[in-house]
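Here is what each chain is made of, one letter per residue.
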Amino acid sequence: MFTKKVQDGLNDQINKELFSSYLYLAMSAHFESVNLSGFAGWMKVQSQEETEHGMKMYQYVFERGGRVVLEAIAKPAAEYKTPLDVMKKVLEHEKKVTASIEALYELALKEKDYASEVMLHWFIKEQVEEEKNVNDIIELLKSIGDNPAGLAMVDQRLGFRKKG
Ligand SMILES: [Fe+2]
Ligand SMILES: [Fe+2]
């Protein structure tokens, strides 16, 4: 059964996904401003994916006959340091999102809402993927240290990411 508690949890998660989208767009804007267009493009795709995550849940709430309530989206930071610092912030943020989705999954189980449980499987798998991708970039950035040619190479590589 689709309960009010699950509906509230989903609405809360929609807000978190949309905040993620906003956060990554702010990071994209930062990379544009420091002429790292590959990083900027990667973050823009990431931002679009987060909007899609929010919309997936938005649509799902309606499918269950629920009500979507949109809350204010928090302001993301505008100032950032090195690409490595930014990517570490992304990983930190994604880990929080993972914990939040897992808590939502626990709630669906507790409420015996099996349909929501199944829907959330997709998100649980997606979080594994996201954390891995960001971790790979962090490792790559660590390996190049402060070598400018290395950074240019990573920037070029990240620029190949296309919208999925
Ligand atoms: Fe997401
Ligand atoms: Fe994410």
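Predicted, not measured: the structure shown is a model, and the values here were computed from it.

Draft legend 1. Just the nonpolar core, in detail. Of all hydrophobic cores here, the largest spans 29 residues; its most connected members are Met-27, Phe-31, Phe-39, Met-43 and Met-87. Those elements giving two or more residues to this core turn out to be helix H1 (4-33), helix H2 (37-63), helix H3 (83-110), helix H4 (114-144) and helix H5 (148-158). Among the elements that take part in this core, H1 stands out by supplying nine residues, more than any other. Not counting residues within four places of it along the chain, the set of residues in contact with Phe-31 comprises Leu-36, Phe-39, Ala-40 and Met-43.

Draft legend 2. Looking closely at the packing of H1 against H2. Between H1 and H2, the shortest axis-to-axis distance is 8 Å and the interhelical angle comes to 165 degrees. Viewed along their axes, H1 and H2 adopt a mutual orientation that is roughly antiparallel. Handedness of the crossing formed by H1 with H2: left-handed.

Draft legend 3. Structural context of unusual backbone geometry. Positive phi, close to 60 degrees, is recorded for Asn-35, a residue that is not glycine. Topologically, Asn-35 is positioned in the loop between H1 and H2. The exposed category is assigned to Asn-35, around which 9 C-beta atoms lie within 10 Å. Located in the positive-phi region is Lys-112, a residue other than glycine, with phi close to 55 degrees.

The rules we used
Residue indices begin from 1 for each chain and proceed along its sequence in written order. Both sets of labels track the order of writing: A upward for chains, 1 upward for ligands. It should be noted that, the model being predicted, local features are given only for residues of pLDDT at least 70 and side-chain atom pairs only at 80 or more, the latter also being counted only at that level, while totals for whole chains, interfaces and linings use all residues. The term nonpolar core means buried Ala, Val, Leu, Ile, Met, Phe, Trp, Tyr and Cys residues held together as one set by C-beta atoms within 7 Å. Between the buried cut of 20 or more and the exposed cut of 12 or fewer other C-beta atoms within 10 Å of a residue's own C-beta lies the partly exposed class, and all C-beta atoms are placed from the backbone. Secondary structure follows DSSP: runs of H or I at least 4 residues long count as helices, runs of E at least 2 residues long count as strands, and numbering of each begins at the N terminus. Here the contact rule is simple: place C-beta atoms from the backbone, and any two residues whose C-beta atoms are within 7 Å are in contact. The convention used is that axes are lines fitted to C-alpha atoms, helices contributing only their stretch in contact, and that angles between N-to-C directions extend from 0 to 180 degrees. The labels follow the angle: roughly parallel below 35 degrees, roughly antiparallel above 145, roughly perpendicular from 65 to 115, and oblique for the rest. By definition, any crossing whose near helix is turned counterclockwise from its far helix by less than a right angle is left-handed, and any crossing with a clockwise turn is right-handed.

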